[in-house]
2 protein chains.
Amino acid sequence: MPTIQDVARRAGVGAATVSRVLSGKGYVKSETRERIRQAIEELHYTPNEMARNLYYQKSGIVAVIVPELAHPFVAQLVSAMEVALCAAGYQTMVCNTFYERNYEQRYLDMLKRRMVDGLIFAAHTSLDVSQYQNLDLPIVGFDRILGPDIPCVSADHEAGGRMAAEALLACGCRNVLQFVGAYYNGARQGVWPTDWVITPADQRHIVFQQVMEAHGAQCRCVLESNLFLSSDRARRVVESAFQTHPDVDGVFGADLYAMACLHHALEHGRRVPGDLRIVSYDGTNATQFMTPSLTTVCQPFQALAEASVRLVLQLIQGEPVEEKRLTLPVTIRRGQSTGIS
Amino acid sequence: MPTIQDVARRAGVGAATVSRVLSGKGYVKSETRERIRQAIEELHYTPNEMARNLYYQKSGIVAVIVPELAHPFVAQLVSAMEVALCAAGYQTMVCNTFYERNYEQRYLDMLKRRMVDGLIFAAHTSLDVSQYQNLDLPIVGFDRILGPDIPCVSADHEAGGRMAAEALLACGCRNVLQFVGAYYNGARQGVWPTDWVITPADQRHIVFQQVMEAHGAQCRCVLESNLFLSSDRARRVVESAFQTHPDVDGVFGADLYAMACLHHALEHGRRVPGDLRIVSYDGTNATQFMTPSLTTVCQPFQALAEASVRLVLQLIQGEPVEEKRLTLPVTIRRGQSTGIS
């Protein structure tokens, strides 16, 4: 790497003069300035990171757009992505959309100005998806299909939904409720919406319902418009669901729902697994502290994060990504919440 | 804002020629190139965000350095910081240190190359703190005193420690254990280390011990070398602590410790609050799902995040920050874990 001294030597001036030119502060004769400019060009001298980035048209930054960083699933995923990006010499920029069109548009505008080298999109878009397709930027979708040419990384949600259903069937559930978080418009309780935003994560709910019904069990849904909801919201949704469906013998939902169900059941004197069986989905850290322990379908955080980063770096380096859908296996952790009572 | 057409018009060439010069692709006569260069300079034309940033020596990015983003406390804090930074037109870069010297040095080098406009430092440093003091960059410490001139934002941990002690004393605890997470070297179980890295967060433990002992209660400590530990680690630490101290009637620790203690106690047939009382610290979301509910000293996430962002933006804009220590009030949320049995 050439230094400011190298530039000064080649231009036949002192380093302080080069510094004045670089900073734009202080007078330097235009002829001298031109000599310094030439020396900088010939030596490929880069006074700092931003200048070097401009030279190579690279920022060294990958943006990760998420619905809400505070959600435990998102936090664990982004943390693992940051580690993988850092190892490859990239910085991680995080962007919360909160499903808000304004936030998302702001980030999209930033991306259009090319401040980042690549994008991992792990949120749901409120905008027309073509805006992403037209970005001309390396993009990887996480749990989100943005178009036929944009790679998408996700867990094997089909297998996950099947595992959850089989766990509840195995302990005798005949009347279950699943909590479905998805971004869509106009859905009504218990009715599958027709205008899903396409995410592989939906598959778990579709397969869950199919497997339960194939075994003659009743399966109802509580639909919630946000995939990643707050803990407060989960509590309220669960409270209201148990009022509407007091007779269910099993529930299935993402960790926050499952934890809220367990809490609600115990607070209301229902035994778990005696009166209610629970299967949770995701396997975020906090589920480990629940008593009785939760049977949980675990997403492979680390592998999902590393695969997303690997693909976006591949695209940044101009290598083609042949595999447009990358699906990683889930596992089930057996807990007391589906113990055969 | 001048456009590429404005530049072309002033230089007396077509926009495509300007574009060739900007991209460095394709041949353009050196005389024409110089005319375009002059036009760009006179119009202050900035071809993109990176070029504009170079021109103004601003990146529009604030780095937030944390020990581990996946930790619920950190995730909620950084999420709120991102919202506040976004509202002010700044992007958020996250950096995990994992208490690793190498990670931290890498970020510090990035900061020295001035890729960011400011820094919120919410980790513990493994490096010599003078490296931060010499950065010549707007810095705000979160729960971390980096030097007399660097503002530090934290919750009122003294009040928090007092509240926790009083809650345990009020339900009759006489023999308590507190879980102390801190970054230090060579500490031994039960002995206050002499080489604390200075963080206001330590105050809660010091005050807790003082208040317990002032009321004649026995107070022992389990020291753990990382302030933000993983859930797995919390479980192991708690398991081992209860083996060493089976006789305690109350515990105090950060949410993950408190949740692990509750889980451990219930798994081993101890009643909470009958046999063991628990006070947790932080008030992260997942604590809400514990049964029995936890008495929790809650840090004001939103206010802490907003104050940190406000101060770093003030410094970026060149305004002096008079108040070097900003301390925000904590609250206590009463739960069943300190119910008088």
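Below is a short write-up of the structure. The written sequence of each chain sets the order in which its residues are numbered from 1. Whichever chain is written first is A, and whichever ligand is written first is 1; the rest continue in order. Owing to the predicted nature of the model, reporting of local features is limited to residues with pLDDT of at least 70; listing and counting of side-chain atom pairs is limited to 80 or more, with chain, interface and lining totals taken over all residues. To obtain the side-chain values, all non-hydrogen atoms of the structure were included, while hydrogens and water were left out.

**Focus: the overall build of chain A**
Counting from the N terminus, the helices are DSSP H or I runs at least four residues long and the strands are E runs at least two residues long. A tally of regular secondary structure across chain A gives twelve helices and twelve strands. Relative accessibility decides the category of a residue: with a 1.4 Å probe and only protein chains considered, values under 20% of the type maximum give buried, values over 50% give exposed, and everything between is partly exposed. Looking at chain A as a whole, 58% of its 341 residues qualify as buried. Contacts: residue pairs with any heavy atoms within 4.5 Å of one another. Residue pairs at least 24 apart in sequence account for 70% of intrachain contacts in chain A once pairs closer than 6 positions are excluded. Per-residue and other accessible areas were derived by the Shrake-Rupley procedure at a 1.4 Å probe size, with only the shown protein chains allowed to occlude residues. Carbon and sulfur atoms provide 48% of the accessible area of chain A, an area that totals close to 13700 Å².

**Observations concerning the relation of the copies chain A and chain B**
At an RMSD of 0.4 Å, chain A and chain B line up after a rotation of 179° and a shift of 0.1 Å along the axis. One copy is carried onto the other by what is essentially a two-fold rotation axis. When each C-alpha of chain A is compared by its distance to the rotation axis, Met93(A) comes out closest, at 2.2 Å. Same-surface contact between copies: 98% of interface residues of chain A are shared with the interface of chain B. Copy-to-copy alignment: least squares on C-alpha atoms, limited to residues at pLDDT 70 or above in both.

**What to know about unusual backbone geometry**
Following Thr291(A), the chain continues into Pro292(A) via a peptide bond in cis, with omega recorded as -5°. Along the chain, Pro292(A) turns up in the loop between β9 (277–282) and β10 (295–298). Positioned with a positive phi, Asp143(A) is a non-glycine residue whose angle comes to about 55°. Mapped onto the secondary structure, Asp143(A) falls in the loop between β4 (139–142) and β5 (152–155). At Asp136(B), a residue that is not glycine, the phi angle is positive and equals roughly 60°. With respect to the helices and strands, Asp136(B) occurs in the loop between α7 (130–133) and β4 (139–142). Residue classification places Asp136(B) among the exposed residues on the basis of a relative accessible area of 59%.

**Considering the sheet that holds β9(A)**
Strands pair in a sheet through their backbones, by hydrogen bonds, and they do so in one of two ways: parallel or antiparallel. Residues and elements named next belong to chain A. In this analysis, strands are considered paired if DSSP registers two or more bridges between them. Pairing in this open sheet of six strands is mixed, and the strands run β7-β6-β8-β9-β10-β12 from one edge to the other. The outermost strands of the open sheet, each flanked by one partner alone, are β7 (218–224) and β12 (331–333). Between one strand and the next, the sheet's axes are offset by a mean angle of 20°, whatever the strand orientation. For strand β8 (residues 250–254) and β9, the ladder comprises five bridges, and the chain directions are parallel. The residue bridging Gly-253 from the neighbouring strand is Ser-280, located in β9. Convention adopted: a line fitted to C-alpha atoms gives each axis, helices being fitted over their contacting stretch, and angles between N-to-C directions are expressed from 0 to 180 degrees.

**A short note on the side chain of Thr296(B)**
All names here are of chain B. With respect to the helices, strands and loops of the structure, Thr-296 is situated in strand β10 (residues 295–298). Given a relative accessible area of 0%, Thr-296 falls into the buried group. Residues adjacent in sequence count toward polar contacts only when both atoms are side-chain atoms; beyond that, a polar contact is any pair of N or O atoms within 3.5 Å, and within protein one must be able to donate a hydrogen and the other to accept it. At 3.2 Å, the side chain of Thr-296 and the backbone oxygen of Leu-294 are in polar contact. Setting aside anything within four residues of it in sequence, one finds Thr-296 in contact with Asp-255, Ser-280, Asp-282, Gly-283, Thr-331, Ile-332 and Arg-333.

**A closer look at the interface of chain A and chain B**
Counting residues at the interface gives 57 residues for chain A and 56 residues for chain B. Each of two parts loses accessible area, computed with a 1.4 Å probe, when they are put together; buried area is these two losses added. Between chain A and chain B, the buried area comes to about 5100 Å², and carbon and sulfur atoms account for 59% of it. Salt bridge, as applied in this entry: a Lys or Arg side-chain nitrogen positioned within 4 Å of an Asp or Glu carboxyl oxygen. Taken together, chain A and chain B are joined by zero salt bridges. Linking chain A with chain B are 24 residue pairs in polar contact (both at pLDDT 80 or more). Here the side of chain A that touches chain B gets seven residues from one element, more than from any other, and that element is helix α5 (residues 72–87) of chain A. Its residues assigned to classes, the side of chain A that touches chain B comprises 26 nonpolar, 16 polar and 15 charged. Here strand β2 (residues 91–96) of chain A runs beside strand β2 (residues 91–96) of chain B; their pairing, made up of three bridges, is antiparallel. Counted as the bridge partner of Val94(A) is Thr92(B) from β2(B). Side-chain classes follow a simple rule in which Ala, Val, Leu, Ile, Met, Phe, Trp, Tyr, Cys and Pro form the nonpolar group, Asp, Glu, Lys and Arg form the charged group, and the remainder, Gly included, forms the polar group.

**Description of the pairing of β8(A)**
Looking along a regular strand, one sees the side chains alternate between the two faces of the sheet. All names here are of chain A. Extensive coverage of β8 is indicated by the burial of five of its five residues. Sheet topology places strand β6 (residues 175–181) next to β8; three bridges connect them, and they run parallel. What sits directly across from Leu-177, in β8, is Val-251. Here the term right-handed applies to a crossover when the path leading from its first strand over the helix to its second strand runs clockwise, the strands being oriented away from the viewer. The parallel pair β8 and β9, bridged by helix α11 (residues 255–267), forms a crossover whose chirality is right-handed.

**What about the packing of aromatic side chains?**
Residues and elements named next belong to chain A. Only Phe, Tyr and Trp rings are paired, with Trp represented by its six-membered ring, and only when their centres lie within 6.5 Å; those with planes under 30 degrees apart are stacked, over 60 edge-to-face, the remainder tilted. According to the stated counting rule, one finds 14 aromatic pairs over all chains in the structure shown. With a centroid separation of 6.3 Å and an interplanar angle of 40°, the aromatic rings of Phe-73 and Phe-142 are classed as tilted. With Phe-73 in helix α5 and Phe-142 in strand β4, this pair connects stretches of sequence that are 69 residues apart. Like Phe-142, Phe-73 is buried. Members of the aromatic cluster, each reached through a chain of ring pairs, are Phe-73, Phe-142 and Phe-301.

**Quick notes on the sheet that holds strand β12 (residues 331–333) of chain B**
Residues and elements named next belong to chain B. Judged by pairing direction, the sheet is mixed, and its six strands sit side by side in the order β7-β6-β8-β9-β10-β12 without closing on themselves. Looking along the sheet, the strands with just one partner apiece sit at the ends: β7 (218–224) and β12. For this sheet the average axis-to-axis angle between neighbouring strands, irrespective of direction, equals 20°.

**As for helix α12 (residues 301–316) of chain A**
Here, expected helix span is obtained from the residue count minus one, scaled by 1.5 Å. Along its 16 residues, α12(A) runs 23 Å from first to last C-alpha, staying within 8% of the 22 Å computed at 1.5 Å per residue. Looking at α12(A), one finds that the buried residues are Phe301(A), Leu304(A), Ala305(A), Ala307(A), Ser308(A), Val309(A), Leu311(A), Val312(A), Leu313(A), Gln314(A) and Ile316(A).

**Some details on the pattern of salt bridges**
In total, this model carries twelve salt bridges over all chains according to the counting rule given. With a shortest N-O distance of 2.6 Å, Glu34(A) and Arg37(A) are connected by a salt bridge. Highlighted residues: Glu34(A) and Arg37(A), both in helix α3 (residues 30–43), separated by three residues, approximately one helical turn. Of the residues examined, Glu34(A) reaches a relative accessible area of 23% and is grouped as partly exposed. As a salt-bridge pair, Arg220(B) and Asp247(B) come within 3.4 Å of each other at their nearest N and O atoms.

**Details of the packing of helix α5 (residues 72–87) of chain B against helix α12 (residues 301–316) of chain B**
All names here are of chain B. Orientation of α5 relative to α12, taken along the N-to-C sense of each, is 50°, at an axis distance of 8 Å. Comparing their axes, α12 and α5 come out oblique. Where α5 crosses over α12, the two elements pack in a sense that is right-handed. Between α5 and α12, the residues in contact are Phe-73, Gln-76, Leu-77, Ala-80, Met-81, Ala-84 and Leu-85 and Phe-301, Gln-302, Leu-304, Ala-305, Glu-306, Ser-308, Val-309 and Leu-313, respectively. For the contact of α5 with α12, the residue count by class is eleven nonpolar, three polar and one charged. Here is the rule for angles: anything less than 35 degrees is roughly parallel, anything more than 145 is roughly antiparallel, 65 through 115 is roughly perpendicular, and the remaining ranges are oblique. Handedness of a crossing follows from how the near helix is turned relative to the far one, being left-handed for an anticlockwise turn of less than a right angle and right-handed for a clockwise one.

**So, the pairing of β4(B)**
All names here are of chain B. Side chains Ile-139 and Gly-141 project from β4 onto one buried face, and the interleaved Val-140 and Phe-142 project onto a second face that is buried too. Here three bridges tie strand β3 (residues 118–121) to β4, and the two strands are oriented parallel to one another. Opposite Ile-120, over in β4, you have Val-140 as the bridge partner. Two elements, β4 and strand β5 (residues 152–155), share two bridges in a ladder whose sense is parallel. When the bridges of β5 are listed, Phe-142 appears paired with Val-153.

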